[in-house]
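# Structural characterization, general
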Amino acid sequence: MSDAPGYGLADEHESLRRAVREFARAEVAPVIGDYYERAAFPYDIVAKMGAMGLFGLPFPEEYGGMGGDYFALCLALEELARVDSSVAITLEAGVSLGAMPVYRFGTEEQRGRWLPDLCAGTRLGAFGLTEPGGGTDAGATRTTARLDGGQWVIDGTKVFITNSGTDITALVTVTAVTGRGPEGRPEISAIVVPSGTPGFTVGQKYSKVGWSASDTNELVFADCRVPADHLLGERGRGYAQFLRTLDEGRVAIAALSVGLAQGCVDECLRYSAERTAFGRAIGGYQAIQFKIADMEARAHTARLAYYDAAARMLAGLPFKKEAAIAKLVASNAAMDNARDATQVFGGYGFMNEFPVGRFYRDAKILEIGEGTSEVQRMLIARELGVGPEGSRAS
Amino acid sequence: MNIVVLVKQVPDTATERKLSAADSTLDRASADGVINELDEYAIEEGLRLKEAHGGEVTILTMGPDQASDSIRKALSMGADKAVHLVDDALHGSDAVQTSYALAQVLKKIGFDLAVLGSESTDARTGVLAAALAERLGVPQLSLASKVEIDGSTVRIQRITDYGYDRVEGSLPAVLSVVEKINEPRYPSFKGIMAAKKKPVEKLSLADAGIDPALVGLAGATTQVVDFADAPPREAGTVVKDEGDGGAKLAEFLAAKKFV
């Protein structure tokens, strides 16, 4: 099994990885199937994740964080997703979409007001970007916010917003058009809307193909008023701000994808040793061996890709291309491994009670969320300078 | 309060565990070492008592070099420092010798409360708490599912087959805990980082004032003379219900003298 230290992880990262691995096995694995079947949000698991400091991983201690880095978060996401993706995406969205924009773009006052609860995991944050008319084309935002008597008045609809409707959701950062530039280009800003603000309604919870134990909702803002000091970062910088948020988020989703891909290997190793056909364990057949070998190769290479992107990010180097590559190959690996793992399990792979059935349902969204695979290819090509004007490379 | 938690590193129960063919002792190389499960509850209880009453939690481990992994984990959970009794001469020590060695260290470092899991998942002798209390001449409060400290009095609920007994004793004391007592915390990243800077004192036999003649395989009071793998489980009996299933089950149970 892949429990041996490797890749030259620092001691503290390796210790964290082990602690989260242990947590996922002991606290998540035995109970998550039930939440998943009921499409219920696992409040008690989230509380335990909060108690071990996972929601504060990349934030400084002065805000209640753990003083770690984004790579530590990625390792935690991988180990959680190795067992279950619903809890992993709850953490991913809570940290990189909920708390990170407040930390990165908030004023000292805003950080002090919101971060301690978000870092403790006692409250969750969400990021409202995608709208019914489009996600990838974020510049086409329809939601508006106008200043009126010292308040932002927000009108619009957001869709597919993770962590936005739980009992412990504290806030949603929404992107909205706050004006027009000289050529009519929309000026987009980010505004924090606390849960319970009048005019902010959480719509029906979606029935999803996967990630069933995570919270995803449609949000409606109608004459929703928040104080002017809820503007996050500079007015008109909302678009630029969330691009950085998305680049980081891609590395995190890559880590989560690698977890799912590795979880498929874990399950198949166990099952192929136990299950017999024609008088011997199915692991004795090359048809199974080759499948598992391919699965391990995909998980391994995808892991290297996200480690590399994370290392560049932490070193302050450009990482847009590497993040896109990591997200692309890792979500592919997750999808391919989920398909192969269910095949190894045969009929049992089609049963929801087996983890691989969950993995199969959870894999598809990885090719869509936080930038589709097509967007990743677009970004990679753009970074290479491939375009209508011809390649930049000589 | 000076709390010492005794932590043993044992082979992971999730992996295949073996004895070494050479001397019938545990083959430590064949399995990953982890903190004995019940000792995690002891660490948690030590930390909670410290949080409630102040003081310091010291981890005490006897074991080979690789036990330092387990010590580090205990420190990352929140213990303040550790003492590691490590010496090749300890190899093969049995429960009686182990209690002597650990009692010597406890005398040397001092304690108000020594806390440990009620047994280890490897040897499972379950006698260490009693042996330590005897050697140290202090009360033993065993199998605790709840602990309260009031001044120099320790009160526990001691689990029994019929419920629990209320037992009390005075500090200093030896306390053994069961898994009902709490839910051990997981190390946080902050705890992991802090653990890197916490002191771990390594003691040899000489440092701890332990007589080498009284420990180790050669002088052990018990010996493993032989061992064998557990026999594979035999297939069970399938009772097919053809209208007389109940009678067949009753016959089966009667034949085995269950009814």
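Residues numbered from 1 in each chain as written. Chains lettered and ligands numbered in written order. Predicted model: local features only at pLDDT ≥ 70, side-chain atom pairs only at ≥ 80, totals over all residues. Heavy atoms only, no water.

## Considerations on the UniProt feature "domain: Acyl-CoA dehydrogenase/oxidase C-terminal" (unreviewed entry) in chain A
Put simply, the rule reads: UniProt positions are given in the numbering used here, feature names are shortened, and annotations may be inferred rather than shown by experiment. Runs of E in the DSSP output that reach at least two residues are strands. Runs of H or I that reach at least four are helices, and both are numbered from the N terminus.
UniProt records the feature "domain: Acyl-CoA dehydrogenase/oxidase C-terminal" (unreviewed entry) at residues 236-384 of chain A, using the numbering of this structure. Along residues 236-384 of chain A one finds 76% helix and 3% strand; the C-alpha atoms at either end are 28 Å apart.

## So, the sheet that holds strand 9 (residues 163-170) of chain B
Residues and elements named next belong to chain B. We count it as follows: Two strands qualify as a pair provided DSSP detects at least 2 bridges between them. Lines are fitted to the C-alpha atoms to define the axes, a helix being fitted only along its stretch in contact, and any angle between axes, read from their N-to-C directions, falls within 0 to 180 degrees.
Spatial ordering of the open sheet is given by 9-8-7-10-6-1-4-5-11, a layout of 9 strands whose pairing is mixed. One side of each edge strand has no neighbouring strand; the edge strands of this open sheet are strand 9 and strand 11 (200-203). If you compare each strand with its neighbour and ignore which way they point, the axes differ by 30 degrees on average. One ladder, built from 3 bridges, connects strand 7 (residues 140-150) with strand 10 (residues 173-177); its direction is parallel.

## Quick word on the UniProt feature "domain: Acyl-CoA dehydrogenase/oxidase N-terminal" (unreviewed entry) in chain A
Residues annotated in UniProt with the feature "domain: Acyl-CoA dehydrogenase/oxidase N-terminal" (unreviewed entry) correspond here to residues 11-121 of chain A. The distance from the first to the last C-alpha atom of residues 11-121 of chain A is 25 Å, and the span holds 75% helix and 0% strand.

## Some details on the packing of aromatic side chains
Residue and element names in this part refer to chain A. Heads up, the rule is: Pairing of aromatic side chains here covers Phe, Tyr and the six-membered ring of Trp, requires ring centres within 6.5 Å, and sorts the geometry by plane angle: under 30 degrees stacked, over 60 edge-to-face, intermediate tilted. For each residue, the accessible area found with a 1.4 Å probe, counting protein chains only, is set against the maximum for its type, and the residue is called buried under 20%, exposed over 50%, and partly exposed in between.
Under the counting rule described, the total for this entry stands at 12 aromatic pairs over all chains. A ring pair is formed by Phe59 and Tyr103, whose centres lie 5.6 Å apart and whose planes are at 75 degrees; its orientation type is edge-to-face. Within this pair, whereas Phe59 is found in the loop between helix 2 (43-51) and helix 3 (70-81), its partner Tyr103 is found in helix 4 (residues 85-105), the two being separated by 44 residues in sequence. Classification of Phe59 as buried rests on a relative accessible area of 0%.

## A word on the packing of helix 6 (residues 238-274) of chain A against helix 8 (residues 320-345) of chain A
All names here are of chain A. Heads up, the condition is: When describing relative orientation, an angle under 35 degrees is termed roughly parallel and one over 145 degrees roughly antiparallel, while 65 to 115 degrees is termed roughly perpendicular and anything else oblique. With the far helix as reference, a near helix turned anticlockwise by less than a right angle produces a left-handed crossing, and one turned clockwise produces a right-handed crossing. Any residue outside Ala, Val, Leu, Ile, Met, Phe, Trp, Tyr, Cys, Pro, Asp, Glu, Lys and Arg is labelled polar, Gly included; the first ten of those are nonpolar and the last four are charged.
Following both chains from N to C, one finds helix 6 and helix 8 inclined at 25 degrees, their axes separated by 8 Å at the closest point. On the basis of their axis angle, the class for helix 6 and helix 8 is roughly parallel. For the pair helix 6 and helix 8, the sense of crossing is left-handed. The residue makeup of the contact of helix 6 with helix 8, split by class, is 19 nonpolar, 3 polar and 5 charged.

## Side note on the UniProt feature "domain: Electron transfer flavoprotein alpha/beta-subunit N-terminal" (unreviewed entry) in chain B
The sites that carry the UniProt feature "domain: Electron transfer flavoprotein alpha/beta-subunit N-terminal" (unreviewed entry) are, in the present numbering, residues 23-212 of chain B. Across residues 23-212 of chain B, helical content stands at 33% and strand content at 29%; the span's end C-alpha atoms are separated by 19 Å.

## Brief notes about the domain arrangement of chain A
Residues and elements named next belong to chain A. Applied cut-off: Each domain span listed reflects an automatic or database assignment of domains. Here, two residues are considered to be in contact whenever any of their heavy atoms come within 4.5 Å of each other. Once two parts are put together, the accessible area they lose, assessed with a 1.4 Å probe and summed over both, is termed the buried area. The term salt bridge refers to a side-chain nitrogen of Lys or Arg lying within 4 Å of a carboxyl oxygen of Asp or Glu.
Taken domain by domain, chain A consists of domain 1 (11-124), domain 2 (126-235) and domain 3 (240-383). Taken residue by residue, the interface counts 15 residues in domain 2 and 8 residues in domain 3. Together domain 2 and domain 3 conceal approximately 930 Å² of surface at their shared face, both sides included; 68% is due to carbon and sulfur atoms. For the pair domain 2 and domain 3, the interface holds 0 salt bridges.

## So, the interface of chain B and chain A
Stated precisely, the cut-off is as follows: Think of a polar contact as two N or O atoms within 3.5 Å of one another; within protein, one of them needs to be a possible hydrogen donor and the other a possible acceptor, and neighboring residues in sequence only count if both atoms come from side chains.
Across the contact, 11 residues belong to chain B and 18 residues belong to chain A. Both sides together, the interface formed by chain B and chain A hides about 1300 Å², and carbon and sulfur atoms give 63% of it. It is B:Tyr186, B:Phe189 and B:Lys190 that lose the most area in chain B upon contact with chain A, and together they represent 54% of the buried surface on that side. Seen at the junction of chain B and chain A, the total is 3 salt bridges. The salt bridge involving A:Glu22 is made with B:Lys73; its shortest N-O contact spans 2.8 Å. Across the chain B-chain A interface, the total number found is 4 residue pairs in polar contact (both at pLDDT 80 or more). The dominant element in the side of chain B that touches chain A, judged by the number of residues it contributes, is helix 5 (residues 189-195) of chain B, at 4 residues. The residue inventory of the side of chain B that touches chain A, partitioned by class, reads 5 nonpolar, 1 polar and 5 charged.

## As for the nonpolar core
What counts, and what does not: The term nonpolar core refers to a set of buried residues drawn from Ala, Val, Leu, Ile, Met, Phe, Trp, Tyr and Cys, joined through side-chain atoms within 4.5 Å.
Core analysis: the largest hydrophobic core is formed by 95 residues, its most contacted members being A:Met49, A:Leu54, A:Leu80, A:Leu91, A:Val251 and A:Tyr306. The residues touching A:Leu91, leaving out its near neighbours within four places in the chain, are A:Met49, A:Leu54, A:Phe55, A:Leu73, A:Ala76, A:Leu77 and A:Leu80. Residues B:Val7, B:Ala42, B:Val154 and B:Ala195 belong to the second largest nonpolar core, which totals 32 residues.

## Re helix 2 of chain A
Think of an α-helix as 3.6 residues a turn; residues three or four steps apart then line up on the same face. All names here are of chain A. Our working rule: By arc we mean the arc of the directions from the helix axis to the C-beta atoms, nothing more.
Within the span of helix 2, buried status applies to Ile45, Val46, Met49 and Gly50. Viewed end-on, helix 2 has its buried residues packed into an arc of 145 degrees, placing them on one side of the element. Buried positions along helix 2 lie against helix 1 (11-38), helix 3, helix 4 and helix 5 (108-120).

## Section: unusual backbone geometry
A cis amide bond, omega -5 degrees, links B:Leu171 with the succeeding residue B:Pro172. Its place among the elements puts B:Pro172 in the loop between strand 9 and strand 10. For A:Asp223, which is not glycine, the phi torsion reads 50 degrees and is therefore positive. Relative to the elements of secondary structure, A:Asp223 occurs in strand 7 (residues 216-227). Even without a glycine there, the phi angle at B:Lys257 is positive, about 65 degrees.

## Looking at a nonpolar patch on the surface
Residues and elements named next belong to chain B. Stated formally: Patch membership requires over 30% relative accessible area and the absence of a salt bridge. Like charges are linked within 9 Å, and nonpolar side chains (Val, Leu, Ile, Met, Phe, Trp, Tyr) within 5 Å. Each accessible area is a Shrake-Rupley result for a 1.4 Å probe, and residues are judged covered by the shown protein chains and nothing else.
Judged by side-chain polarity, Phe252, Leu253, Phe258 and Val259 come together as a nonpolar surface patch covering roughly 410 Å² of accessible area. Looking at where Val259 falls in the secondary structure, it is placed in the segment after helix 7 (245-255). Overall, Val259 belongs to the exposed group, its relative accessible area being 70%.

## Focus on the pairing of strand 10 of chain B
In the case of a regular strand, side chains alternate between the two sheet surfaces. All names here are of chain B. A large share of strand 10 lies buried, amounting to 5 of its 5 residues. Burial along strand 10 is two-sided: Ala173, Leu175 and Val177 and Val174 and Ser176, pointing in opposite directions, are all buried. Inspection of the sheet shows strand 6 (residues 113-117) paired to strand 10 by 5 bridges, in the parallel sense. Counted as the bridge partner of Leu113 is Ala173 from strand 10.

## Quick word on the packing of helix 4 of chain A against helix 6 of chain A
If you want to describe how two helices pack, look at the angle between their axes and the distance between the axes. Residue and element names in this part refer to chain A. Running from N to C, helix 4 and helix 6 cross one another at 160 degrees; their axes reach a closest spacing of 10 Å. For the element pair helix 4 / helix 6, the angle class is roughly antiparallel. Seen along the crossing, helix 4 lies across helix 6 with a hand that is right-handed. From helix 4, Ser85, Ala88, Ile89, Glu92, Ser96, Leu97, Met100, Pro101, Arg104 and Phe105 reach across to helix 6, where they touch Gln241, Arg244, Thr245, Glu248, Gly249, Ala252, Ile253, Leu256 and Leu260. Looking at the contact of helix 4 with helix 6, its residues break down into 10 nonpolar, 5 polar and 4 charged.

## Regarding the confidence of the model for chain A
Counted only if it meets this: A residue's pLDDT is the predictor's confidence in that residue, given on a scale from 0 to 100.
Averaged over chain A, the pLDDT score is 93; the fraction of residues at 70 or greater is 96%. When pLDDT is averaged over each element of chain A, helix 8 of chain A comes out on top at 98 and strand 6 (residues 200-205) of chain A at the bottom at 91.

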